[in-house]
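Structural characterization, general
Residues per chain are reported as follows:
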Number of protein chains: 2
Amino acid sequence: MKAEKIPEATIIRLSVYSRNLQYMEEMGITKVSSQEIADATDGSSAQVRKDLAYFGEFGTRGVGYEVKHLNRHLKKILGLTKPRSVVIVGAGRLGKALMLYNGFGNRGFRVMGIFDKDMSKVGEQVGDLTISPMYKLDQFIKTHNIQMGVVTVPAAAAQETVDIMTRAGVKAILNFAPKNLIVADDVKLRNVDLAVNLEVLSFYMGLEEREGEK
Amino acid sequence: MKAEKIPEATIIRLSVYSRNLQYMEEMGITKVSSQEIADATDGSSAQVRKDLAYFGEFGTRGVGYEVKHLNRHLKKILGLTKPRSVVIVGAGRLGKALMLYNGFGNRGFRVMGIFDKDMSKVGEQVGDLTISPMYKLDQFIKTHNIQMGVVTVPAAAAQETVDIMTRAGVKAILNFAPKNLIVADDVKLRNVDLAVNLEVLSFYMGLEEREGEK
DNA sequence: TACTCACCGTGAATTATATCACAAGGATCC
DNA sequence: GGATCCTTGTGATATAATTCACGGTGAGTA
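Worth saying up front: this structure is predicted, and the values here are computed from it rather than measured. (Residues numbered from 1 in each chain as written. Chains lettered and ligands numbered in written order. Predicted model: local features only at pLDDT ≥ 70, side-chain atom pairs only at ≥ 80, totals over all residues. Heavy atoms only, no water.)

What follows concerns the relation of the copies chain A and chain B. Superposition record for chain A on chain B: RMSD 0.1 Å, screw rotation 180 degrees, translation along axis 0.0 Å. The superposition of one copy onto the other is thereby described by a two-fold rotation axis. Residue by residue, 98% of the interface of chain A is reproduced at the interface of chain B, so both copies engage with the same surface. (Least-squares fit on C-alpha atoms with pLDDT ≥ 70 in both. Contact = heavy atoms within 4.5 Å.)

Shown next as structure tokens:
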């Protein structure tokens, strides 16, 4: 593996490649070309090869890639071979939905706990977990060695939530609250902003509408 | 407004600026500098000014921007002044959670209907809407002039869902299914991939872990 | 073994995006 | 009304990401 800096866009694509290779594997496809991966993921074959080149050589010239082999490598690169423990904080509808989302489990993420400040929610069963009170979060992260946190609390409570998480040792946070959060340099933060996504779509719709007026 | 192509990253940031201006407005702040906007959104002041420059001049040299005025313009640019009608297809937990998510409503998006293939869900009440059967989707989009669709069905059903939507006239789609979808050129598609987000975090955690081994 | 084919891997060229740095210009003060 | 201050708006510069294009190489064939 080269020591150069890898674009985040590349990492996102690797994850998408891996998901598609997974599908191919399940369909019994054993070999695939960069062009075929590109077709399945709306990219270019050169892009696929460049992305992979950051991490080594996985293909055979003249032939292509062995699906299983490549997928195994991608999962390794993405850190999906070791189980990743996750807590969800905020047991609103979104938190519960994520808790029960299959997409996490079958990619190696284990949701170990779900927490909420609201004592009236505490004790409620969600799937095979029980909603725990916030004051237990710190201890839970430490004893279960939780690495990742998902934040689905309201914007106003988001910063204090990530503060608790990071002080307890969480190293990566996926934030759904519409708030710009501050974390230490060694903590990786990603924001999923649902309204922003709709607004970007709205912007492009506006462009089309203006086109139509000509 | 200049006719040049605007980076999508700029649009995303404009949406974030607008959200923060909204907060400022609610807090009674009346003027703001590009530096202050940058601080609130983890960016640089030059970036803020460049982003705004694509659309015109909104500030006063030596002073800064008038919060209300700038936010009004940003909302206009993002197409949030005219109400945007949305349908959600897939009344699973995620679909219901999004249906009830306040973040959409207070940014001008109106969720007008929620649909599901599963007849056992049809008739169920979600907030102030009732889950409708899929076969009514096409007609609903046409009669209510729906512009945007949110897809929260399983991956296997996602393509047929967007086909129905786009044939009925939907012009923008927010897709949560982990599937690469194909749409006509005049339809704008955005994917929100929950597992991909966790996998990107997992990748960066892996990097840190490897650092630690040295 | 020599020949051909197919497709990968990658340096070079291009395009896109972000940062820098400063001139321009409105507000304020004397 | 002129001088000073401050922050915008923007051309020039630097950085980053993507695409191009082709050389290199293993596999298959006869």
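Turning our eyes to something else, we now look at the packing of helix α2 (residues 34-41) of chain A against helix α3 (residues 45-53) of chain A. Helix-helix packing: each pair is described by the crossing angle between the helix axes and the interaxial distance. Residue and element names in this part refer to chain A. Following both chains from N to C, one finds α2 and α3 inclined at 105 degrees, their axes separated by 7 Å at the closest point. It follows that α2 is roughly perpendicular to α3 by the angle criterion. Residue-level inspection shows S34, Q35, I37 and A38 of α2 in contact with α3, the latter providing S45, V48 and R49. In terms of residue class, the contact of α2 with α3 is built from three nonpolar, three polar and one charged. (Axes fitted to C-alpha atoms, helices over the stretch in contact; angles between N-to-C directions. Helix = DSSP H or I, 4+ residues; strand = E, 2+ residues; numbered from the N terminus. Parallel < 35°, antiparallel > 145°, perpendicular 65-115°, else oblique. Nonpolar A, V, L, I, M, F, W, Y, C, P; charged D, E, K, R; others polar.)

Although it is not a glycine, A:D42 adopts a positive phi angle of roughly 55 degrees. Considering the arrangement of structural elements, one finds A:D42 in the loop between α2 and α3.

Right, let's get into the sheet that holds strand β5 (residues 125-126) of chain A. All names here are of chain A. Reading across from one edge, β5-β6-β4-β3-β7-β8-β9 is the order of the seven strands in this open sheet, with mixed pairing throughout. Where the open sheet ends on each side, the last strands, each with one partner, are β5 and β9 (188-191). As paired elements, strand β8 (residues 172-175) and β9 share four bridges and run parallel to each other. Its bridge partner being in β9, L174 is matched across the sheet by R190. Contacts from helix α8 (residues 155-168) reach β3 (84-89), β7 (148-151) and β8, with the element oriented near 170 degrees to β7. (Pairing = 2+ DSSP bridges.)

This part takes up the protein's contact with DNA strand D. The full set close to DNA strand D counts 23 residues, and A:R13, B:S34, B:R49, B:G62 and B:Y65 are the nearest of them. The sugar-phosphate portion of DNA strand D accounts for 61% of its atoms within 4 Å of the protein, the bases making up the rest. Note that a base nitrogen of DNA strand D is positioned 3.2 Å from one of the side-chain N or O atoms of A:R61. Those elements that provide at least two residues to the surface near DNA strand D are α3 of chain A together with α3 (45-53) of chain B. In terms of residue count, α3(A) provides more of the surface near DNA strand D than any other element does, four residues in total. (Near = heavy atom within 4 Å. Polar contact = N/O pair within 3.5 Å; in protein donor to acceptor, adjacent residues only side chain to side chain.)

Glancing now at the sheet that holds strand β4 (residues 109-116) of chain B. All names here are of chain B. Pairing is mixed across the open sheet formed by seven strands, whose spatial order is β5-β6-β4-β3-β7-β8-β9. Because the sheet does not close on itself, it has two edges, and the strands there are β5 (125-126) and β9 (188-191). The strands that helix α7 (residues 137-144) touches are β3 (84-89), β4 and β6 (129-133); relative to β4, the one it contacts most, it runs at about 160 degrees.

With respect to spatial proximity, 25 residues lie near DNA strand C, and among them A:S34, A:R49, A:R61, A:Y65 and B:R61 are the closest. Taking all atoms of DNA strand C within 4 Å of the protein, the share assigned to sugar and phosphate is 61%. In this structure, A:E57 approaches DNA strand C through a side-chain N or O atom, which is 3.3 Å from a sugar or linking oxygen. In the environment of DNA strand C, a base oxygen lies 3.0 Å from a nitrogen or oxygen atom belonging to the side chain of B:K50. Elements supplying a minimum of two residues to the surface near DNA strand C: α3 of chain A together with α1 (8-26) and α3 of chain B. Per element, the largest residue contribution to the surface near DNA strand C is four residues, and it comes from α3(B). The class makeup of the residues in the surface near DNA strand C is seven nonpolar, ten polar and eight charged.

Read these as spatial facts, not as claims about activity.
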